[in-house]
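Analysis of the macromolecular model
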Amino acid sequence: MAGWQGRVLRIDLTKKKVVVQELDASVAKAFIGGRGLAIKLLWDELPPGVDPLSPYNKLIFAAGPLVGLPGPNFGKLVVAAKSPLTGGYGDGNIGSWAAVNLRKAGYDALVIEGRAEKPSYIYIEGEKVEILDARDYWGLNTWSVEDKLQKIHGKDAAVITIGPAGENLVRYATVISHKGRSGGRPGIGAVMGSKRLKAVVIKGKGEIPLADKALYQKAAIEAVKEGMASPSYSFWMRQGTTSTVEWAQEASVLPTYNYSEGQFDEFSKIGGNMVEKFETDLKSCPLCFMACGHWVPAESGTVEVDYENLAMLGSNIGIGDLYKVGELNRIADTMGIDTISLGNVLGYVMEASEKGYGDKLGFIIEWGDYEVAKQLTYDIAYRRGFGDLLAEGVKKIAERIGGEEFAMHVKGLEVSAYDCHAAPAMALSYATSPIGAHHKDAWVIAWEVKTDRFGYTREKAAKVIELQRIRGGWFETFVGCRLPWVEVGLSLDWYPKLFKAATGIDATPEYFNKVGDRIYTLIRAFWIREYGWWSRELDMPPVKWFKQPLNKGPLKGSRLDYEGYNKLLDYYYEIRGWDKRGVPTKETLTSLGLEYVIPQLERVIDLQ
Ligand code: PTT
Ligand code: SF4
């Protein structure tokens, strides 16, 4: 099976058992890899309704057939599990040498289940797979664990680790690699912590079998050359994702004061120009030609900043100081906490304080209060005092103390850094994302603000699906960074060419799109099975964007319209072949080769 290694490494931490399983060729063809493989495994193997933090959950690290190969940025890995934050499907995409080494060690994916008796880490070096004692590392932050493990196993050993937040089961804990890479927003780090697994260390030096090596290498070189020749390449290399701050300010979509204002007076102090001025280092994921890891000074050292981090820990909580935003980002990275959820939790408690919920919260924090924000971040990681409740995420906090009207989440996952008061298609993208409110599946906002900002048209629903297909069916399956396409305009045509040279499969865009539809529909089926019910209410964006109009800037007064949004949702369901509740129909399931899902779904919901 060229392209794939054809092997899945499975480790049961309870039984201390290691098994290598053959990857079924028909599964590889239907789901490719990455997210596709993850949802297929979760659907087939997870006992329905399982507690995500129990030993029965599966922690999946899934590569795809292009991972580890030269070309436009194939040093990425999907990390997935049933999410402890949302109770549904959760994943993230992390750049790490662990991705490359896993493939070179001879595997397409690693599946971990059970729970170790004592804190442990997994060491993989080709056929050698060991479960080792991690008691000396438990409690340490992500950066020092990586240093210590590399001291023992060598610099060529890639490390993915959790910090105290993962150990303490913070529901939005992530896994961290290379100090500046974080993956698995919906609490994948907590799933790892629940297994008492501190780290996974991988070495690999083997070959990845290719259908046509010479053709692959030629195409890879040409694709990278095209990307580097892009007119936007040099600006990208200077600012990476951080210039999005200036763009979002201009477009009035910069989350500000917990998504109340689309513009921030001090945006220039946390934007791309400021990052460029103070940059100390530039790093990248492996095998990348367009490094976007910009490091800047912060209070206790340097840190990598990205757009989401700057907006969520800056404008969204009223901090207009790169040095301070960087420090909050640094604490999140070392503790292993997702910055987007953290910025939402802090924004929520600041708004709650302002609105008189102090008694219920037990404390008060003012907008922009850096010292208290820092303290709360540590408290969250260690679940100390108020941090214990804040570690649950905004949905659960609001259920406890009230204020759902300003709790910014979809299905429990906090919203990433785009205000949607005047962006209905982006709101739809958040609301229908397969993991909750994350932007990765359809960053439709750039197109939307350029075209028709306020409309609720069928074209918008179709555009969201078009992007979900490309992002979800292409980049999350063969697994590659999507930024060459999004940011420097690399032609999508390269990917089927590279895929064919690697696997021998004559893949058309339609093939990838259909895989994407299959994955989306299976993920939707998974959510329904795990929830035991479904309603279109679950596909609604946060209520704030409907009820509390934008209160600043040129778009002041803008808000989403319920009737219009429901129209958009109807178009969306119709194009996807899902019914008016957002449930896939039998016909859709069958046409995507998912008929085996029907009996299980029928146990919890009527299918049309
Ligand atoms: C991603 C999410 C993002 S998306 C950002 S900034 W972005 C935040 N980064 C965090 C961080 O840093 N530290 C931290 N403690 N928490 C963080 N949470 C947030 O996590 C990321 C890049 C970026 S930077 C983006 S857009 C692209 N995302 C891709 C994707 O999703 N798929 C894909 N095929 N390619 C992508 N390329 C880009 O990758 P999650 P990373 Mg990430 C410090 O993990 O869970 O998907 O959430 O993995 O290696 O850091 O790369 O402006
Ligand atoms: Fe990683 Fe950025 Fe390169 Fe993508 S562009 S592979 S996120 S360094």
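These numbers come from a predicted model, not from an experiment.

Turning next to the sheet that holds strand 13 (residues 281–283). To summarise the sheet geometry, strands pair through backbone hydrogen bonds and adopt either a parallel or an antiparallel arrangement. As summarised here, the arrangement of the three strands in space is 13-14-15, forming an open sheet in which the pairing is antiparallel. Of all strands in the sheet, those with a lone pairing partner are strand 13 and strand 15 (301–305), marking the two edges. Each strand axis lies, on average, 35 degrees off the axis of its neighbour in the sheet, ignoring direction. With respect to the sheet, helix 12 (residues 322–335) is in contact with strand 14 (293–298) and strand 15, its orientation differing from that of strand 15 by roughly 85 degrees.

Spatially, the six strands line up as an open sheet ordered 2-1-6-3-4-5, and their pairing is mixed. What marks the edges here is a single partner per strand, and that holds for strand 2 (17–22) and strand 5 (89–95). Here the strands of the sheet are splayed against their neighbours by 20 degrees on average, with no regard to which way each runs. Two strands pair when backbone bridges link them, and strand 3 (residues 59–62) and strand 4 (residues 76–82) are joined in this way by three bridges, in the antiparallel orientation. The residue bridging isoleucine 60 from the neighbouring strand is alanine 80, located in strand 4. Strands in contact with helix 20 (residues 458–479) are strand 3, strand 4 and strand 5; relative to strand 4, the strand with the most contacts, it is inclined by about 100 degrees.

Of all hydrophobic cores here, the largest spans 198 residues; its most connected members are Tyr89, Ile124, Val200, Tyr348 and Phe478. The greatest single-element share of this core, amounting to 11 residues, is contributed by helix 23 (residues 509–531). The contacts of isoleucine 124, once residues within four sequence positions are left out, are Leu9, Ala105, Tyr107, Leu110, Val129, Val200, Val201, Ile202 and Lys203. Among the nonpolar cores identified, the runner-up in size contains 10 residues, and Tyr121, Ala134, Tyr137 and Val159 belong to it.

Our focus in this paragraph is the environment of phenylalanine 267. Examined against the element boundaries, phenylalanine 267 turns out to sit in the loop between helix 9 (244–250) and helix 10 (272–278). The spacing of phenylalanine 267 and isoleucine 319 is 52 residues in sequence and 9.4 Å in space, taken between C-alpha atoms. Once residues within four sequence positions are removed from consideration, phenylalanine 267 is found in contact with Val245, Glu246, Gln249 and Leu254.

It is worth spelling out the domain arrangement of the protein at this point. As assigned here, the protein comprises domain 1 (7–203), domain 2 (231–417) and domain 3 (428–489 + 508–602). Computed over C-alpha atoms only, the centres of domain 2 and domain 3 are separated by 25 Å. Taken together, the 36 residues of domain 2 in the interface contact 37 residues of domain 3. Roughly 2700 Å² is buried in total at the junction of domain 2 and domain 3, and carbon and sulfur atoms are behind 62% of that figure. Sorting the residues of domain 2 by area buried against domain 3 places Trp247, Val410 and Lys411 first, and these three jointly supply 24% of that buried surface. Where domain 2 packs against domain 3, one counts three salt bridges. Inspection of the region where domain 2 meets domain 3 yields 16 residue pairs in polar contact (both at pLDDT 80 or more). Contributing elements (two or more residues each) for the side of domain 2 that touches domain 3: helix 8 (233–239), helix 13 (339–354), strand 16 (409–410) and strand 17 (413–414). Considered class by class, the residues forming the side of domain 2 that touches domain 3 number 18 nonpolar, nine polar and nine charged.

A few words now on the pattern of salt bridges. Going through the model one piece at a time under the given rule, you end up with 46 salt bridges. Arginine 383 is the partner of aspartate 388 in a salt bridge, and the nearest nitrogen-oxygen pair spans 2.9 Å. As a salt-bridge pair, arginine 576 and aspartate 517 come within 3.1 Å of each other at their nearest N and O atoms. Residue arginine 576 is located in helix 25 (residues 562–576), and its partner aspartate 517 is located in helix 23; the two are separated by 59 residues in the primary sequence. Because the salt bridges share partners, they merge into one network encompassing Arg10, Glu45, Lys58 and Glu113.

One way to put it is that helix 18 (residues 424–432) packs onto helix 25 with a least axis distance of 10 Å and a crossing angle of 55 degrees. With respect to helix 25, the axis of helix 18 lies oblique. Both helix 18 and helix 25 take part in a crossing whose hand is right-handed. Contacts between helix 18 and helix 25 involve Pro424, Ala425, Ala427, Leu428, Ala431 and Thr432 from the first element and Tyr565, Leu568, Leu569 and Tyr572 from the second. A breakdown of the residues in the contact of helix 18 with helix 25 according to their chemical character gives nine nonpolar, one polar and no charged.

The environment of ligand 2 is formed by Asn73, Lys76, Arg181, Ser284, Cys285, Cys288, Met290, Cys292, Cys481 and Leu483. Grouping the amino acids of the shell around ligand 2 by side-chain chemistry returns six nonpolar, two polar and two charged. For the shell around ligand 2, the two domains that each supply at least three residues are domain 1 (7–203) and domain 2 (231–417).

Considering the arrangement of structural elements, one finds asparagine 93 in strand 5. Take asparagine 93: its relative accessible area is 16%, and that puts it in the buried class. In this structure the side chain of asparagine 93 is engaged in a polar contact, spanning 2.7 Å, whose partner is the side chain of glutamate 476. Residues contacting asparagine 93, with those up to four places away along its chain left out, are Lys76, Leu77, Val78, Lys440, Glu476 and Val479.

Reading the values: the criteria
- Residues numbered from 1 in each chain as written.
- Chains lettered and ligands numbered in written order.
- Predicted model: local features only at pLDDT ≥ 70, side-chain atom pairs only at ≥ 80, totals over all residues.
- Heavy atoms only, no water.
- Pairing = 2+ DSSP bridges.
- Helix = DSSP H or I, 4+ residues; strand = E, 2+ residues; numbered from the N terminus.
- Axes fitted to C-alpha atoms, helices over the stretch in contact; angles between N-to-C directions.
- Contact = heavy atoms within 4.5 Å.
- Core = buried A, V, L, I, M, F, W, Y, C linked by side-chain atoms within 4.5 Å.
- Buried < 20%, exposed > 50% of the residue type's maximum accessible area, 1.4 Å probe, protein only.
- Domains from an automatic or database assignment.
- Buried area = accessible area lost by both parts, 1.4 Å probe.
- Salt bridge = Lys/Arg side-chain N within 4 Å of Asp/Glu carboxyl O.
- Polar contact = N/O pair within 3.5 Å; in protein donor to acceptor, adjacent residues only side chain to side chain.
- Nonpolar A, V, L, I, M, F, W, Y, C, P; charged D, E, K, R; others polar.
- Parallel < 35°, antiparallel > 145°, perpendicular 65-115°, else oblique.
- Left-handed = near helix turned anticlockwise from the far one by under 90°.
- Near = heavy atom within 4 Å.

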